[in-house]
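Structural features, examined
Given next are the chains, with one letter for each unit.
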Protein chains: 2
Amino acid sequence: MKTSAKFYHAGCPVCLEAESVVTRYLDPTKVNVEVVHLGSAKNRVAEAEAAGVKSVPALVIDGQPIHLNFGAALADLK
Amino acid sequence: MKTSAKFYHAGCPVCLEAESVVTRYLDPTKVNVEVVHLGSAKNRVAEAEAAGVKSVPALVIDGQPIHLNFGAALADLK
C-alpha cells in the first residue's frame, strides 16, 4: 500500500538540494510526495508545526518528521 | 543509471527510525544504499567526515551529505 509524504521547504538553497534528492530517489510505487513551499503557502506553517516540523527542509512520512540538514527554523516562516 | 548511497548511523533511536525510512522508501531501481554502523565500524568515521558528515544519522547520496534529524555528533564517535 502506498503511503503519502509531505516535503516542507521554503525555497532556500539547502531546501532545493534536499528536494532534488527526495523527489528523485523516493520510490514512486511506495510513496506519494507532496512538495509544500511554506514561503508561499504560509497558511500551512501551522500544519507543518503540528506534524512536528521544527525546521525546513523536512520530510513528514508515516507521521514521522525527518529534518534534512538545516535551511531555516520554522519559527522564522511565521 | 543507478547511484550508490551510504547511510551512516550509530545505532541510536533516531538513527534506527531514519534507517527504516531510508531503507523502506528509497527506490531500489535508482539507488543502492550501504548501511554503515559507525559504532562498530570506527575505522569508517574518517570516511564519513571526509564526505561532509557532521552528525548521524546521515545519508550521503550523489556526493551530498544529508543529515536526518540529529542523533549524535560525529565527533562523539571518534
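Residues numbered from 1 in each chain as written. Chains lettered and ligands numbered in written order. Predicted model: local features only at pLDDT ≥ 70, side-chain atom pairs only at ≥ 80, totals over all residues. Heavy atoms only, no water.

Per an unreviewed UniProt entry, the recorded name for chain A is Thioredoxin family protein, and the organism is Nibricoccus aquaticus.

**Quick word on the environment of A10(B)**
All names here are of chain B. Residue placement: A10 occurs in the loop between β1 (3-9) and α1 (13-25). The class for A10 is partly exposed, based on a relative accessible area of 22%. Residues A10 and V36, spaced 26 residues apart in sequence, show a C-alpha to C-alpha distance of 8.2 Å. Among all residues touching A10, those that are not within four sequence positions of it are C15, H37, G39, V56 and L77. (Helix = DSSP H or I, 4+ residues; strand = E, 2+ residues; numbered from the N terminus. Buried < 20%, exposed > 50% of the residue type's maximum accessible area, 1.4 Å probe, protein only. Contact = heavy atoms within 4.5 Å.)

**Remarks on unusual backbone geometry**
A cis amide bond links V56(A) with the next residue in sequence, P57(A), at an omega value of 5°. Along the chain, P57(A) turns up in strand β3 (residues 55-61). For D62(A), which is not a glycine, the phi torsion comes out positive at approximately 55°. Turning to its location among the elements, D62(A) is positioned in the loop between β3 and β4 (64-73). On the basis of relative accessibility, which here comes to 37%, the residue D62(A) falls in the partly exposed class. Residues other than glycine seldom take positive phi values, yet N69(B) does so here, at roughly 55°.

**Some thoughts on the relation of the copies chain A and chain B**
Note on the copies: chain A fits chain B at an RMSD of 0.0 Å, the axial shift is 0.0 Å, and the rotation between them is 180°. Here the two chains are linked by the operation of a two-fold rotation axis. Looking at the interface residues of chain A, 100% of them are also at the interface in chain B, so both copies use one shared face. (Least-squares fit on C-alpha atoms with pLDDT ≥ 70 in both.)

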